[in-house]
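Listed here are the chains, written in short residue letters.
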Amino acid sequence: MENFQMEEAVVKEYDSKLMRRLLTFTKPYLSSFGLVIIIMFVLTIADLYIPKLVKDVIDNNINGYTRDYSILKSYSPESWKIGDLYIKEGNIKNAVKASIVYSDNAYYLVEGRVNHKEPYKFVGDKLLQGKNIFKSYKIKPSEIKEVRRSDAKGVLNKTMLMLFLSILVFLLGYIQVYLISKTGQKIIFDIRQKLFRHVEDLSLSFFDSNPVGRLVTRITNDVETLNEMYTSVLLNLIKDAFLIIFILVAMFLLNVKLALITLFVIPVITAAIIIFKRYDREAYRDVRVKLARINAFLSENISGMKIVQIFAKEEKKYKEFANINREYFDASYHQLQIIAIFRPFIDLVYSLALAALLWFGGIRVINNNLTFGILFAFVSYLQKFFQPINDISEKYDILQSSMASSERIFMLLDKDERIKNPDNPVSIETLKGEIEFKNVWFAYKENDWVLKDVSFKINPGEKVAFVGATGAGKTSIISLISRFYDIQKGEILIDGINIKNMNKEDLRKNVATVLQDVFLFTGDIKGNIRLNNDEISDETIISAARYVNADKFIEKLPDKYDSYVNERGTTFSQGERQLIAFARAIAFNPPILVLDEATANIDTETESLIQDALEKITENRTTIIVAHRLSTIKKADKIIVLHKGKIRETGTHEELLKREGLYYNLYQLQYKDLA
Amino acid sequence: MNKFKSLIRYTSKYKFRYLIGITFLLLIDLIQLIPPKLIGYLTDLLSKGNATKAHLIKYISLIVLISFSMAIGRYIWRIYIFGSARLVEFDMRNKLFQHLQKLSQNFYNQHKTGDLMALATNDLNAVRMTLGQGIIMITDAIVLTITTLSIMLSINVKLTLISLIPLPFVALVATKFGKIIHNKFLKVQESFSKLTDIVQENFSGIRIIKSFVQEEKEYIKFTKENQHNYETNMELVKIWGMFFPLVEFIASLSFVFLTGVGGTYVIYGYISLGDFIAFNMYIGTLVWPMMAFGWVINIIQRGLASLERIENILHQKPDVFDNDVKDLKYLNGDISIKNLTFKYPDTESPALENINLTVKEGQTLGIIGKTGSGKSTLVNLLLRLYNVNDNTIFIGGIDINRIPLKILRESIGFVPQDSFLFSTTITENINLPLEQLDMAEIIESTKAADIYDNILNFKDGFDTIVGERGVTLSGGQKQRISIARTLIKNPKILIFDDCLSAVDAKTEVNILSNLKNIMKEKTSIIISHRISAVKDADLIVVLDDGKIVEMGLHSQLIEMNGIYKSIFDKQQIEEKIQSEEV
C-alpha cells in the first residue's frame, strides 16, 4: 500500500545538498569512474570515426577515378592498357590529357580534362560538357579492374579498419556497461549495508513507532531507485556530454559552415524534446497516480470483498471500479496522444533537419565547395545527435525520483534513537544475577506512566513471578531488565551495578529472554537454537533440546534438527515453539532468565513437558516470569502483583491468597480453572 | 493456438479500429522506403556533378512532403493500435473485477490479494503489450523486411546477400538473449525478494536479536544476502550489458561487408554510388525489424502466459450462486435452523454440529462461546457466504437456498467482527448500503451507533477520510461506524458479530440499549463474549466446539450453573479488578 501512496507524493525537485551527499558514496569507486570515463572517451572517438571512414571510402576511393590521367602511346611502367591505348595516372608532359567518367554502369576514357563537378552528357561516343566536346572510349570491366586496383585496395584497407573499430566498439562498449553497472551495484550494496547496520542499531522504541514495512522499503526499494541514479544518470550524463562535444568537434573539423548550419537545427530539436518531455512527464505522472488508485481500490476491495458481498453492493462497487478504471484509461490515452503526437513530430523535425542539411550541403556540393563524402558524414552525425539529447531529458525523470528516495533514506540515516553505551563501561563477565529496581518510573510516551515508582529486589537464583491484569506493566519490567528502553526516573541495578554503566551487549549476554509469542527465524531448528552463534556446537544444541524436552518432537521431524523452519515458524505449535525457545535459552546459558509465559491453551501433553522443562531451566538461575499458569506461580519463590503500574502485593501464593486482596481476585479470574 | 483465439476474441469488438491502425502502419512502412531512394538519386546526381538547384528543390521538397505524411500516418496508427489495446485492457479489467465480485469466500481464502491484484495490473499489462507493441512489431518487422529486401535485391542480388549475412543473427541474438535476460531477471527479482524477506524478518524479530546480542551475526547474514543480490544483478548485467553492443556489432558487420564489397562494386562499376548510399540506409532500416522479430516472440509469449492466468480466474465458477430460487421481493425476519451440520471444505471435523434453533421476527438471540466455538460460522451461513444443505436454514419460512442472494443479503444487516472500512470519507463508508445520499439518515444512524459526537470532533467531520491516507480511527470508533453503516440499511435482520469488542463493557451496553427501539421490529442476533451484551436476549445460546451446549434465558442459564454461569462469574470478578483504584 505504501508504495502506491508514495507514487502520489509530489516528486522532489533536484536538490544539490542531497546530490552532494549521494556523491560521497562514489568515493571508493573514483578509480572505476575514471576508467569508465577513459573508455567512454576512446569509445566515442572510435564510434565517430567510422562515418569518417565511410566518407573517406567514398571521397578517396570510390570517387578516385576523378583524378587526372594521361594517355600514352606505348607501354610504360605503372600504366594500364585500355583498348589500344595506355593510360597513366597524373599529368605527364607531352601526353594527351585524359579523364575517366562513369555513366550508366560503365566507365569511359575521355580524351581531355573533364570537369567532374559539372554536368555532361554523351552523344554517341562523344562527351559534351559546356562548349567542350571530348572523344570517349568505353572501358571494358576487365580493364577498369586493373586501373582501379589501388582504389579497391584502399577500400579493403579501410574496411578492415572499420571491422577493427567495430570490434573495438563492441568490446569497449560491453566493458563500459559492465563497469558502470558493477560500480552502481557496489554503491547500492554499500548503502544497503550502511542502512541496515544503522537501523539494526536503533532502539526498540524506534521500532515501536515505525512500521517494519516502511523500514524494509527504505532498504530495498528506495535504495534500488538510487541504483539507476548511479548507473544510468551519473555516467551516462558524462557520456552524452562527450558525445555531443565530439560530434560538434567532428563536424567543425569537417566543415565549419555546414557545422554552423547544423547548429541551427540543434536548438529546434532540443526545444522539441524538452517540450515533449514536460508534457509526457506530467501525463505519465497522472497515469501512475491513476494506476496507484486502481491498485489501492483493488487491494481494498479484494480484502473487503466479504463486506461488499454481505451488503450485496457488488453493483455499486463495480460502478466505482469502472470509473477509476475509466480514469486510468483516460489518463493513459492522454499520454498515448502526447506520445503519438510528439514521437512522429520529433521524427519529422529530424527529417526536416535532414532536408535542410541536404539543401545547404547540396548547394555547396553543386558549387564545388563541399565534397559529397562530407555531406554524407554530416547526415550520419545528425542522426547520432538525437540520441544524447533524448537521453539527457530522460535522465531527468530518474534524477527526480532518486532525489525523493534519497531524501527518505537520509532521513532514516539521520535518526539517532538508540540506547547509548556508557563511555567508560564497567567491565562485566558473568553476572551473579541480583536484580534490584529502585523507585523506577517508566513511560513509553511522555508522562504516560507505565511503571510508577516500582521498587523490588531479587536475589541471585531466585524465581519471581509477576502477575497482574493486562496493562499492569509486567512486560515492561522484562524489557527494562535487558535495557531495551531507558527509564525516566530511578535506577535498575544488577549485581549492584546500574545497568546504564554497563555495555548493553554485555548486559544482554547475561539475560536469556523467552517471549510469549516465540519468534522463529526462517532456516532450520539448529539455527533457531544457536541463532548464528557458531560457538554453540551441535552437541550442545542436542543436549539443550533434550534437557528442555524439545527433542521429543524434533526427533519426529523428517530432518530432525535440520528440519526447515518457515517464516515465523508457523508449522510448529505454540508449545513447540516455546520449547525451542527454552532450548535456545539453555544453549546460551546465561545467569538470568526472563520469561513471558504463553497465554494460549497448549495441549496437556506439551504443557506437562513445558512445566517440567521450566523447572529445570530455572534451576540456579535468577528467573523473572510473567506468569499465566498457576503451577508456575505456585513454584515461585515470590509473587509480585502489579496493578496499573504499581506494585500492590508481594508474597508467596499462600500468603497472598490468605490476604484476599487483588491477587485473590486475579486468582479467581485467571488461574483457578487452569489448576 | 487456442490462446491466440481467445486473444482475438477480446479484440473483436475493436476490429475496425485495428484495421484502420494496421492499414496506416502498412502504408507508413511502405512510404518510409522512399526517402532513402530519393537520397540515393540525389547522391548520384550530386556525385556526378549533374545536380542542379532544381533537382535539389524537387527531391528535398519530396522528402519534406513524405516526412509530413509519415508524421500524420504515424500519429494515426499509434492512436488506433495502441488505443485499441488500451480499450481491450480497460474492458478486460472491468470484466475481471466483475468476475472477482461473484466469487465466494472459499476462493478468497485460497488466493492472495497480491496475486489477484497482479492479474489486474501486471498481467493485463503484458496482454496489452502483446496487443499493442506486439502487433506493431510483428507487422513492422514483416513488411519492412519484405519490402526493404526486395528493393535491395532489385539493385544487386549478390551485394544484398553478402551485406545481409549478419542480420539474421540479430534476430537470433534478440530471441536467445530475450529469453536468457528474462530468466536472469526473474532471478534478480527472486534475490531481491529474498533480501526483502531477510530484512523483514530481521526487523520483525529485532527484539530477539537484541536480546541475544545477535546484531553482528545478523549483519553478516544480511551481508551474505546483499552480496548474493549483488551477484545475481551482475549475472544479469553480464548478459544484458552485452545485448545492445552485440546487436550493434552485428549490424555494423553488415555495414562493414557493404563498405568492403559494395565499395569495390562501385569502383568496378557494377553499382552506382547512389545505390551504395541507398544500401547503407536500407541496412539501417533492417536492423530494427530484425531486433523486433526477436523481441516480439518474447512479448507474445509473456502476453499469452498472462492471458492464461487471467482466464484461469475468469473460468472459476462461483460456489455460491442463485440456483432454482423463488421470485421474492421481501423476506420476513423469522429464522429457523434445523439439524444444521456444517464442515468447511478441506477440513476434517465439522465447524457446526446438529444446530437447532428458532427466532421469531422482533426477537433477540444471544450467542456466547469461546473463540473457535462456531459463532462466526453460524452467521456466515445465515449470509450464505458458504453453501449449506437444503432444508437446514429457513429465513422467513423459506429455505435459504431458494432465496435470491441479493434479497437475502439485503434483508440482513451484518456487523462483522473486524470492522473493515474503505479508505474514503466517513459519509461514504456509512452510506455504502444506499445508492442515494441522505445526510439526515446518516446522522441518525451515527447517533444510534453512539459515534455522532466523535465524528463531529474530527477536523473534517463527516468528510474525514479514514484509513491509511486519513485519520487512523481507534478500534472502537471503527466498530461504531461499522454499526452505523449497517443501521442505515434498515434491514429485517440485524446481526452483531462480537462487533463491540474494542469498546468497554459499559459502552457496549449503552449502545445496545440505544438500539433497543430499532431492534424491536427486527430479528436481532448478538454474538458476544460478554454476558452483559446478551443477558436481555429472548434466547441465549451457548456454543462450544460447534455444538449448542446450553440454551435459554439469562436467568435459566445462571441457574443451570454451567459454562454460562462460570463465564458470568469471571466477568464479575474482572469488573471488580478493573474498578480497583491504584
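Owing to the predicted nature of the structure, the values given are computational and were not obtained by experimental measurement.

Per the secondary structure count, chain B includes 21 helices and 10 strands. For 582 residues, the compact-globule estimate of 2.2 N^0.38 gives 25 Å, and chain B exceeds it by more than 25% at 36 Å. Dimensions along the principal axes, computed over C-alpha positions, put chain B at roughly 120 × 65 × 50 Å. Going through the 582 residues of chain B one by one, you find that 57% of them count as buried. Contacts in chain B between residues at least 24 apart in sequence constitute 76% of all its contacts with a sequence separation of at least 6. Per element, the accessible surface of chain B, about 25100 Å² overall, is 57% carbon and sulfur. Where the 62 positive side-chain charges of chain B centre and where its 59 negative ones centre are 10 Å apart.

Before going further, it helps to examine the interface of chain B and chain A. Contacts between the two partners involve 138 residues from chain B, matched on the other side by 144 residues from chain A. Buried area between chain B and chain A, summed over both chains or domains, comes out near 13900 Å², and the portion from carbon and sulfur atoms is 67%. The salt bridge involving Arg508 of chain A is made with Glu215 of chain B; its shortest N-O contact spans 3.9 Å. One can count 32 residue pairs in polar contact (both at pLDDT 80 or more) joining chain B with chain A. With 32 residues, the single largest contributor to the side of chain B that touches chain A is helix 10 (residues 215–268) of chain B. Its residues assigned to classes, the side of chain B that touches chain A comprises 65 nonpolar, 41 polar and 32 charged.

The next thing to look at is unusual backbone geometry. In this model, Asn589 of chain A sits at a positive phi of 50°, which is unusual for a non-glycine residue. With respect to the secondary-structure elements, Asn589 of chain A resides in the loop between helix 17 (574–588) and strand 17 (592–596). The exposure class of Asn589 of chain A is exposed, given its relative accessible area of 52%. Of note, the phi angle at Asp545 of chain B is positive, near 55°, even though the residue is not glycine.

Here the focus is the UniProt feature "domain: ABC transmembrane type-1" (unreviewed entry) in chain B. Per the UniProt record, the feature "domain: ABC transmembrane type-1" (unreviewed entry) sits at residues 19–302 of chain B. End C-alpha to end C-alpha, residues 19–302 of chain B measures 24 Å, and it is 93% helix and 0% strand.

This part covers the domain arrangement of chain B. In terms of domain boundaries, chain B breaks down into domain 1 (157–270) and domain 2 (335–418 + 490–577). Computed over C-alpha atoms only, the centres of domain 1 of chain B and domain 2 of chain B are separated by 60 Å.

With that settled, consider the side chain of Lys313 of chain A. Among the structural elements, Lys313 of chain A can be located in the loop between helix 9 (305–310) and helix 10 (314–366). Overall, Lys313 of chain A belongs to the buried group, its relative accessible area being 8%. Only 2.8 Å separates the side chain of Lys313 of chain A from the backbone oxygen of Pro433 of chain B, close enough to count as a polar contact. Ignoring any residue separated from it by four or fewer positions in sequence, one finds Lys313 of chain A in contact with Val308 of chain A together with Leu432, Pro433, Leu434 and Glu435 of chain B.

All names here are of chain B. Taken N-terminus to C-terminus, the directions of helix 4 (residues 53–102) and helix 6 (residues 113–155) make an angle of 155°; their axes are 9 Å apart at the nearest point. One way to sum up the angle between helix 4 and helix 6 is to call them roughly antiparallel. The hand of the helix 4/helix 6 crossing is right-handed. On helix 6, the residues touching Trp77, Ile81, Phe82, Ala85, Arg86, Val88, Glu89, Met92, Arg93, Leu96 and Leu100 of helix 4 are Leu116, Leu119, Ala120, Thr121, Leu124, Asn125, Val127, Arg128, Leu131, Gly132, Gln133 and Ile136.

Our focus in this paragraph is the packing of helix 10 of chain A against helix 3 (residues 34–48) of chain B. Where helix 10 of chain A meets helix 3 of chain B, the axes come as close as 11 Å, and the angle between the chain directions of the two elements is 15°. The angle between helix 10 of chain A and helix 3 of chain B places the two elements in the roughly parallel class. In this structure, the crossing between helix 10 of chain A and helix 3 of chain B has a hand that is left-handed. Across the interface between the two elements, Leu354, Leu358, Gly362, Val365 and Ile366 of chain A of helix 10 of chain A pack against Ile39, Leu42 and Leu46 of chain B of helix 3 of chain B.

Attention now goes to helix 2 (residues 16–24) of chain A. Given 3.6 residues per turn, any residue in an α-helix points the same way as the ones three and four places further on. All names here are of chain A. Buried residues of helix 2: Leu18, Met19 and Leu22, and no others. Looking down the long axis of helix 2, one finds its buried residues gathered within 100° of arc, a one-sided arrangement. Turned more than 90 degrees away from the buried face of helix 2, the exposed residues are Lys17 and Arg20.

We now examine the sheet that holds strand 4 (residues 393–395) of chain B. Residues and elements named next belong to chain B. Here we have four strands laid out as an open sheet, ordered 2-1-4-5, and antiparallel in their pairing. Two strands lie at the open edges of the sheet, namely strand 2 (352–359) and strand 5 (398–399), each paired on one side alone. Bridge count between strand 4 and strand 5: two bridges; the pairing is antiparallel. In the strand pairing of strand 5, Ile395 is matched with Ile398.

As a further point, take the pairing of strand 5 (residues 106–111) of chain A. Where a strand is regular, its side chains alternate between the two sheet faces. All names here are of chain A. Summarising burial for strand 5: five of the six residues are buried, a large majority. Where strand 4 (residues 96–103) meets strand 5, six bridges bridge the pair, whose relative direction is antiparallel. For Ile100, the partnering residue across the bridge sits in strand 5 and is Leu109. Taken together, strand 4 and the strand that follows it, strand 5, pair antiparallel across an intervening segment of two residues, in which Asp104 is found at a positive phi of about 45°. Pairing of strand 5 with strand 8 (residues 132–139), which is carried by four bridges, proceeds in the antiparallel orientation. Bridging across to strand 8, Val110 finds its partner in Ser136.

Attention now goes to the UniProt feature "transmembrane region" (unreviewed entry) in chain A. Residues and elements named next belong to chain A. According to UniProt, the "transmembrane region" (unreviewed entry) feature falls on residues 29–50, 160–180, 233–252, 258–276 and 345–363. Secondary structure across residues 29–50 comprises 95% helix and 0% strand; the distance between its end C-alpha atoms is 32 Å. Within residues 258–276, the helical portion is 100% and the strand portion 0%, while the C-alpha atoms at the span's ends are 27 Å from each other.

With that settled, the discussion passes to a nonpolar patch on the surface. On the surface, Ile38, Phe41, Val42 and Ile45 of chain A cluster together into a nonpolar patch covering about 330 Å² of accessible area. Along the chain, Ile45 of chain A turns up in helix 3 (residues 30–61).

Further remarks concern the pairing of strand 18 (residues 622–626) of chain A. Residues and elements named next belong to chain A. The buried count for strand 18 comes to five of five residues, which makes it a mostly enclosed element. Side chains of strand 18 alternate between two faces, with Thr622, Ile624 and Val626 and Thr623 and Ile625 buried alike. As judged from the five bridges shared by strand 17 and strand 18, these two strands associate in the parallel manner. Pairing of Ile592 across the sheet is with Thr622, part of strand 18.

What follows covers the sheet that holds strand 13 (residues 497–498) of chain A. Residues and elements named next belong to chain A. Ordered in space as 10-9-12-13, the four strands form an open sheet in which the pairing is antiparallel. Whereas interior strands pair on both sides, the edge strands pair on one side only; in this sheet they are strand 10 (449–458) and strand 13. In the sheet, strand 12 (residues 489–494) pairs with strand 13 via two bridges, with the strands oriented antiparallel. Looking across to strand 13, one finds that Ile494 is bridged to Ile497. Sheet strands in contact with helix 12 (residues 474–481) are strand 9 (435–443), strand 10 and strand 12, and its direction is about 115° off that of strand 9.

The rules behind each value
- Within every chain, residues take consecutive numbers counted from 1 along the sequence as written.
- Numbering of ligands from 1 and lettering of chains from A proceed in the order in which they are written.
- Local features are withheld for residues below a pLDDT of 70 in this predicted model, meaning they are given only at 70 or higher, and side-chain atom pairs are given and counted only at 80 or more; totals for whole chains, interfaces and linings count all residues.
- Neither water nor hydrogens contribute to the side-chain values; these are computed over all heavy atoms in the structure.
- Think of it this way: any DSSP run of H or I at least four residues long counts as a helix, any run of E at least two long counts as a strand, and we number them from the N terminus.
- Our radius of gyration is a C-alpha quantity, and the globule rule it is checked against amounts to 2.2 Å times the number of residues to the power 0.38.
- In this scheme, a residue with accessible area under 20% of its type's maximum is buried, one over 50% is exposed, and one in between is partly exposed, where area comes from a 1.4 Å probe on protein chains only.
- Note on definitions: a residue-residue contact is assigned when non-hydrogen atoms from the two residues lie within 4.5 Å.
- Here, Shrake-Rupley sampling with a 1.4 Å probe gives the accessible areas, and only protein chains in the shown set may cover a residue.
- Positive residues here are Lys and Arg, negative ones are Asp and Glu, while His and the chain termini are left out of the count.
- Working definition for charges: the position is that of NZ of Lys, CZ of Arg, CG of Asp or CD of Glu.
- Put simply, buried area is how much 1.4 Å-probe accessible surface two parts lose in total, over both of them, once they are put together.
- Here a salt bridge means any side-chain nitrogen of Lys or Arg lying within 4 Å of a carboxyl oxygen belonging to Asp or Glu.
- For this analysis, a polar contact is any N or O atom pair within 3.5 Å, provided that within protein one partner can donate a hydrogen and the other can accept it, and provided that sequence-adjacent residues contribute only side-chain to side-chain pairs.
- Think of it as three bins: nonpolar holds Ala, Val, Leu, Ile, Met, Phe, Trp, Tyr, Cys and Pro, charged holds Asp, Glu, Lys and Arg, and polar takes everything else, Gly as well.
- UniProt positions are given in the numbering used here, feature names are shortened, and annotations may be inferred rather than shown by experiment.
- Residue ranges for the domains originate in an automatic or database domain assignment.
- Axes here refer to lines fitted to C-alpha atoms; in helices the fit is confined to the stretch in contact. Angles between the N-to-C directions go from 0 to 180 degrees.
- Small angles under 35 degrees read as roughly parallel and large ones over 145 as roughly antiparallel, with 65 to 115 read as roughly perpendicular and the rest as oblique.
- If you view the pair so one helix is near and one far, a crossing is left-handed when the near helix is turned anticlockwise from the far one by less than a right angle, and right-handed when it is turned clockwise.
- Arc definition: it is the arc formed by the directions from the helix axis to the C-beta atoms.
- Strand pairing is defined by DSSP finding a minimum of two bridges between the two strands.
- Note on patches: the residues involved have over 30% relative accessible area and no salt bridge, like charges join within 9 Å, and the nonpolar side chains Val, Leu, Ile, Met, Phe, Trp and Tyr join within 5 Å.

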